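These are the residues of each chain, in order.
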Amino acid sequence: MTKLKAVYSSNTLIEAILKYLEIQYGLKINELNTDKILNLIYNCHIAGTGFDENALNVIDRHFSNLLLNNESYFFRYPLQLQLILEYCKSKHNPVILSIGCSKGQEAYSISMYLHKHNIDFQIYGVDIDDDAINDAKKATYSEYSLKALPEEYKKYFSYTADNKYKLSEDIIKNVTFLKINILKEDISKMIPGADIILINNVLIYLNKKAIETFIETAANLLVSGGLLFTSEEEYSIKTFGKFLKEESKKGCKYYSKPDLNQIAIMDYRELFDFKGSESKKTFDYSCLEQNIDNPSLENAKDSLLKKDYLKAISICYKLITDNPLFDEPLAIMSECFYELGFNEEAKKWLRTFLIINSNNEEKIEQYLNLCLKTEDFFEYIRILKKKIALFNKKDDIIRLKNILERAGLNAEELSDYMQ
Ligand SMILES: C[S@@+](CC[C@H](N)C(=O)[O-])C[C@H]1O[C@@H](n2cnc3c(N)ncnc32)[C@H](O)[C@@H]1O
């Protein structure tokens, strides 16, 4: 009933169905799928239903047939397999998760590849589509799925009487398939963490909000230092950068989860060890309030607004000690230190914020400003280059050119940024 309430404001059956598809499945409605959506609406119409629970059942029943694209085949991304193998060699029994696994071709490709290289592992495949999950468990495929399979892996299949290819038990046994709607169910209850996650060819079908949910869910599930692979087309989705670090190796782009706890601990240690030069203003952390009742972001923001900077810092410090991945308190701390004139401290906390949120243009700009204030020109140039790589803005390129020229440096290296 709650689902119905969420769509009650829709006036027509069509609007209501579109809204439901958006909420329940995160479906992006575009020219390519309008025909299919109309077909779905037609099915509801045939079922003689208004927008009630019966309509929801009709939609759910027809959704996967009509709107999900289960296209997949073995060894679709061989470069990903190479990097997965490299990573797994240094891990004990790594957990690998294929999100939107369709009929299991991706999960089994990894299983074959790692099996051939004598690696122990555990693979999970999850998909919203019941039929796809059932087929994945059967592990029997048509010739199409084997179209990119290298010759040496064919030995893992046996030919069946009905012209299909059945995978051998060795490859199946370490792979578990689960029916999960990533947008609606808490996957961490079933899979506590993963060393490697693949989300290939799933996000392209989803709207912005659903994409964010997918990426955040995956990033939370990934262990520190873990890797996330996605297809080339999806790699450029900006939300990834909010949680993960962009990487590239052997021509394959992927994301890694920074070991943030380690970075945060290092940062705290630096703070305590920090001697600073005589001329730099250092901050004495022992003056922070120790006993804060109910530290919350709201209270910190409130203190910042009231210009009670020490209080805001005390609250934020407590929040990030409890959860080093909590980014907003880092930005608030930086702002407070800046207001109090502790520019080095402000820079330090903002740098930690940017490790978590590397794509935040406004904060990068604030950080550059702090680099200037603290006369940290090497850091300024380093970050400005990063900003250019991220946003490719003409003004920044000119800024970099000027600063390099003023510093008497060769502007040759700019050529990379000038295209
Ligand atoms: C095109 S297939 C991708 C198969 C495979 N990853 C590959 O690249 O070869 C996309 C899959 O995502 C699944 N999917 C779509 N929305 C989902 C959701 N909310 N939760 C889980 N799986 C979903 C679909 O059912 C479909 O099987």
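Here goes a summary of the coordinates provided.

Rules used throughout
Residues numbered from 1 in each chain as written. Predicted model: local features only at pLDDT ≥ 70, side-chain atom pairs only at ≥ 80, totals over all residues. Helix = DSSP H or I, 4+ residues; strand = E, 2+ residues; numbered from the N terminus. Buried ≥ 20, exposed ≤ 12 C-beta atoms within 10 Å, placed from the backbone. Contact = placed C-beta atoms within 7 Å. Near = placed C-beta within 6 Å. Nonpolar A, V, L, I, M, F, W, Y, C, P; charged D, E, K, R; others polar. Core = buried A, V, L, I, M, F, W, Y, C linked by C-beta atoms within 7 Å. Domains from an automatic or database assignment. Pairing = 2+ DSSP bridges. Axes fitted to C-alpha atoms, helices over the stretch in contact; angles between N-to-C directions. Arc of directions from axis to C-beta. Parallel < 35°, antiparallel > 145°, perpendicular 65-115°, else oblique. Left-handed = near helix turned anticlockwise from the far one by under 90°.

1. Description of the overall build of the chain
Then, number 1: On a plain count of helices and strands, the chain comes out with 19 helices and 10 strands.
Then, number 2: Counting every position in the chain, which comprises 419 residues, the buried fraction comes to 34%.
Then, number 3: A fraction of 64% describes how many contacts in the chain between residues 6 or more apart in sequence connect residues 24 or more apart.

2. A closer look at the site of the ligand
Then, number 1: Around the ligand sit 24 residues, and of these Ser72, Gly100, Ser102, Ile128 and Asn200 come closest.
Then, number 2: Contributions of two or more residues to the shell around the ligand are made by α6 (105-116) and β2 (122-127).
Then, number 3: For the shell around the ligand, the residue count by class is 10 nonpolar, 9 polar and 5 charged.

3. A few points about the nonpolar core
Then, number 1: Counting residues in each nonpolar core, the largest one holds 72 residues, and the members touching the most others are Ile99, Ile197, Phe214, Ala218 and Leu228.
Then, number 2: A domain-level breakdown of this core finds at least three residues from each of domain 1 (2-67) and domain 2 (78-257).
Then, number 3: Ile197 has contacts with Leu97, Ile99, Ala218, Leu221, Leu222 and Leu228, leaving out every residue within four places of it along the chain.

4. Overview of the sheet that holds strand β1 (residues 95-99)
Then, number 1: Strands sit in the order β6-β2-β1-β7-β8-β10-β9 across an open sheet of 7 strands; the sheet is mixed. The outermost strands of the open sheet, each flanked by one partner alone, are β6 (175-179) and β9 (245-249). The average undirected angle you get between the axes of adjacent strands in this sheet is 25°.
Then, number 2: In the sheet, β1 pairs with β2 via 5 bridges, with the strands oriented parallel. When the bridges of β2 are listed, Ile96 appears paired with Ile123.
Then, number 3: Seen against the sheet, helix α5 (residues 78-89) touches β1, β7 (194-199), β8 (222-230), β9 and β10 (252-256) and runs at an angle of roughly 45° to β10.

5. Brief notes about unusual backbone geometry
Then, number 1: For Phe75, which is not a glycine, the phi torsion comes out positive at approximately 55°.
Then, number 2: Tracing the backbone through its elements, the reader meets Phe75 in the loop between α4 (53-67) and α5.
Then, number 3: The phi angle at Ser102 is positive, at roughly 55°, despite the residue not being glycine.
Then, number 4: Locating Ser102 in the fold gives a position in the loop between β1 and α6.
Then, number 5: Taking the C-beta count within 10 Å as the criterion, Ser102 has 25 such neighbours and is therefore assigned buried.

6. Digging into the environment of Leu340
Then, number 1: Along the chain, the position of Leu340 falls in helix α15 (residues 328-340).
Then, number 2: Exposure remark for Leu340: the 15 C-beta atoms within 10 Å place this residue in the partly exposed category.
Then, number 3: C-alpha separation for the pair Leu340 and Leu310, spaced 30 residues apart in sequence, amounts to 8.9 Å.

7. A short note on helix α7 (residues 130-138)
Then, number 1: For α7, the complete set of buried residues consists of Ala132, Ile133 and Ala136. In an axial view of α7, the angular spread of the buried residues amounts to 100°, which keeps them on one side of the axis. Summarising the geometry of α7, the exposed residues directed more than 90 degrees from the buried face are Asp130 and Asn134.
Then, number 2: Those residues of α7 that are buried lie in contact with β2 and β6.
Then, number 3: At the exit of α7 stands Ala139, carrying a positive phi of roughly 55°.

8. So, the packing of helix α13 (residues 297-305) against α15
Then, number 1: Between α13 and α15, the shortest axis-to-axis distance is 11 Å and the interhelical angle comes to 15°. Judged by the angle between their axes, α13 and α15 are roughly parallel. Note on packing geometry: the crossing formed by α13 with α15 is left-handed. Facing Leu297, Ala300, Lys301 and Leu304 of α13, the residues of α15 in contact are Glu328, Pro329, Ile332, Glu335 and Cys336.

9. Structural notes on the packing of α15 against helix α16 (residues 343-356)
Then, number 1: For the pair α15 and α16, the least separation of the axes is 8 Å and the interaxial angle reads 165°. Compared by their axis directions, α15 and α16 come out roughly antiparallel. Judged by the sense of rotation from one axis to the other, the crossing of α15 with α16 is left-handed. For the pair formed by α15 and α16, the contact residues are Leu330, Ala331, Met333, Ser334, Phe337 and Tyr338 on the first element and Asn343, Glu345, Ala346, Trp349, Leu350, Thr352 and Phe353 on the second.
Then, number 2: Residue composition of the contact of α15 with α16, grouped by class: 9 nonpolar, 3 polar and 1 charged.

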